[in-house]
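Architecture and fold: a report
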Amino acid sequence: MTDWRPDLQGSDAPRYIAIADSIAADLSSGRLSPGDRLPAQRQLARALGLDFTTVARGYAEARRRGLLSSQVGSGTFVTNPNGARTADGAQGGAVRVCPPDFSMNLPPEPQDRALVDRMRSGYGALSGDLMELLRYQNPENWEQDQLAAARWLEGVGLSPVPSQILFASGAQSAMSTILTATTEPGDQVACEDVTYPGIRSLAAQLGLELVGLKTDDAGVLPDSLRSVAGSGRLKALYLNPTLQNPTTKTIPYARRKELAALAEQVGVPILEDDAYGQLCRKAPLPFAAIAPATTWYIGSLSKCLGSGLRLAYVLAPNPGARWQFTRALRTTQVMPSPVTTALATRWIEDGTALQLLDHIRSESAARQKLAATHMHGQDYLSDPEGFHLWLKLSNGWTRPALVSQLRNLPIGVTESDAFTVSGVPSERIRVGLGGPADRKQLGNALETLSQTLGASPAQASVYF
């Protein structure tokens, strides 16, 4: 391990910025070279007499600039900002480095080499059918994919007829297609008063009025839905019923039955976004099992397998609705990617998908325990099987100030404004625990978050 120490004496910048500046300067001067291993954050903090969080933020800022990269079990290395590190530490321009979008809620990425190799093997096996997968596809020839999808949906308690399963390029695409097919500008769509931002974006794009419904710990209050349904303009009830994004709440079975009966009574279809359903081992039955004739069901793979696997399995409430969906999908997207669909089918059939899901479940549980340790004493909502927190701020912190303070950490922090449909946004943020960071990196980030919350904004601006 290098004995590198930055010279911070001549800098008036905050200490964490000065650390990143020193890395850049030493790389430019030749004191540091691509591939050099830097000291561990705690070791450097002790050597410099600084707080651990200051050094952690300095390394994070350097990573943001492309000056550092971290390798699981190996440490933190200097990189060439004009190139990319390969797996063996060499520089090369052929490797594409795609930084994750931490504004999204990402599942934990697998670190187990055997699992990653198995995933790659399934991907490589598609090369034998590559030319066929690069052609336009006839939906009538997707029987094998529908059989795999039906098998997958059994994991949430559904038993669909395979031929009735539809495909879309992710949950957002499915919701867009459904709303395009079933609503007109000026119509109303109801949802929880704090909800997934994607439905807000779609409503704005399609000219729909999004109505936030009052909730309690069990979800949407039936009386709130009944009141809105009386307008005659309500065309859908959007729900993210299991491990809800962002509150982490799951609607219990009794409330699901009550809402399903009410939706059927007032003639309002349910748009069930079950992105997190597979993560929950003992989730209540989906609305699509309770009221199939009233429910559009969307089972996305992005949260239970990988966010880049843009594929969702869709169940329509009746044959007419399936026809509407298919027509709208062909108009807006032509078809979902045959390559993605074939990869998901292969992983389901050979057991890779279930192994990856089990990894994400167990890793999420471990990360929740890690969060409970570091965030002890903080006020937040969570679920042991999810991978995000809904954190309430205190000690004078506001949403913009805290998000700005944490912008370089390898975790996603998103202000409550993005999720609020009605009323004034609360002083909360969503904290994502997933993505490419390993547990050590996540623990360091959570410790930084905890110590930041323990200081006032004024203190943080001086010391961090």
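Preceding block: the structure.
**Overview of helix H6 (residues 143–153)**
If you check which residues of H6 are buried, you get Asp 145, Gln 146, Ala 148, Ala 149, Ala 150, Trp 152 and Leu 153. Those residues of H6 that are buried lie in contact with strand E5 (166–168), strand E12 (295–300), strand E13 (312–315), helix H13 (338–350) and helix H14 (352–374).

**Examining the pairing of strand E11 (residues 270–273)**
Residue alternation in E11 divides its side chains into two sets, Ile 270 and Glu 272 and Leu 271 and Asp 273, and both sets are buried. One ladder, built from three bridges, connects strand E10 (residues 234–239) with E11; its direction is parallel. Its bridge partner lying in E11, Leu 239 is registered against Glu 272. In this view, the connection linking E10 to its parallel neighbour E11 by way of helix H10 (residues 253–266) has right-handed handedness. In terms of strand pairing, E11 meets E12 through four bridges, oriented parallel. Looking across to E12, one finds that Asp 273 is bridged to Ile 298.

**Here we look at the packing of helix H4 (residues 113–124) against H14**
As a packed pair, H4 and H14 sit with axes 10 Å apart at the nearest point and diverge in direction by 145°. When the axes of H4 and H14 are compared, the crossing they make is left-handed. Between H4, through Leu 115, Arg 118 and Met 119, and H14, the contact on the second element is made entirely by Thr 352, Gln 355, Leu 356 and His 359.

**Some words on the packing of helix H9 (residues 222–229) against H10**
The relative placement of two packed helices comes down to the angle between their axes together with the axis-to-axis distance. Interhelical geometry of H9 versus H10 gives an angle of 15° and a closest axis separation of 10 Å. When the axes of H9 and H10 are compared, the pair comes out roughly parallel. The two elements H9 and H10 cross, and the hand of that crossing is right-handed. Contacts from Pro 222, Leu 225, Arg 226 and Ala 229 in H9 reach Arg 255, Glu 258, Leu 259, Leu 262 and Val 266 in H10. Looking at the contact of H9 with H10 residue by residue, the classes come out as six nonpolar, no polar and three charged.

**Observations regarding the nonpolar core**
By size, the foremost hydrophobic cluster in this structure holds 37 residues, and its most contacted members are Trp 152, Leu 279, Leu 301, Leu 305 and Tyr 313. With sequence-adjacent residues up to four places away left out, Tyr 313 is seen in contact with Ala 149, Trp 152, Leu 153, Ile 165, Leu 166, Phe 167, Tyr 297, Ile 298, Gly 299, Leu 301, Ala 344 and Ile 348. Residues Ala 168, Leu 179, Cys 191 and Tyr 238 belong to the second largest nonpolar core, which totals 25 residues.

**Some thoughts on the sheet that holds strand E14 (residues 379–381)**
Spatial ordering of the open sheet is given by E14-E15-E17-E16, a layout of four strands whose pairing is antiparallel. Every interior strand has two partners, whereas the edge strands, E14 and strand E16 (412–415), have only one. Each adjacent strand pair in this sheet contributes to an overall mean axis angle of 30°, direction not counted.

**Re the pattern of salt bridges**
A side chain of one charge can pair with a side chain of the opposite charge if their charged atoms are brought near each other. Counted according to the given criterion, the structure contains 16 salt bridges. Arg 255 is paired through a salt bridge with Glu 258; the nearest N and O atoms lie 3.9 Å apart. Here Arg 255 pairs with Glu 258, and both are found in helix H10, just three residues apart, close to one helical turn.

Quick notes on the rules
- Residues numbered from 1 in each chain as written.
- Predicted model: local features only at pLDDT ≥ 70, side-chain atom pairs only at ≥ 80, totals over all residues.
- Heavy atoms only, no water.
- Buried < 20%, exposed > 50% of the residue type's maximum accessible area, 1.4 Å probe, protein only.
- Helix = DSSP H or I, 4+ residues; strand = E, 2+ residues; numbered from the N terminus.
- Contact = heavy atoms within 4.5 Å.
- Pairing = 2+ DSSP bridges.
- Right-handed = clockwise from strand over helix to strand, strands pointing away.
- Axes fitted to C-alpha atoms, helices over the stretch in contact; angles between N-to-C directions.
- Left-handed = near helix turned anticlockwise from the far one by under 90°.
- Parallel < 35°, antiparallel > 145°, perpendicular 65-115°, else oblique.
- Nonpolar A, V, L, I, M, F, W, Y, C, P; charged D, E, K, R; others polar.
- Core = buried A, V, L, I, M, F, W, Y, C linked by side-chain atoms within 4.5 Å.
- Salt bridge = Lys/Arg side-chain N within 4 Å of Asp/Glu carboxyl O.

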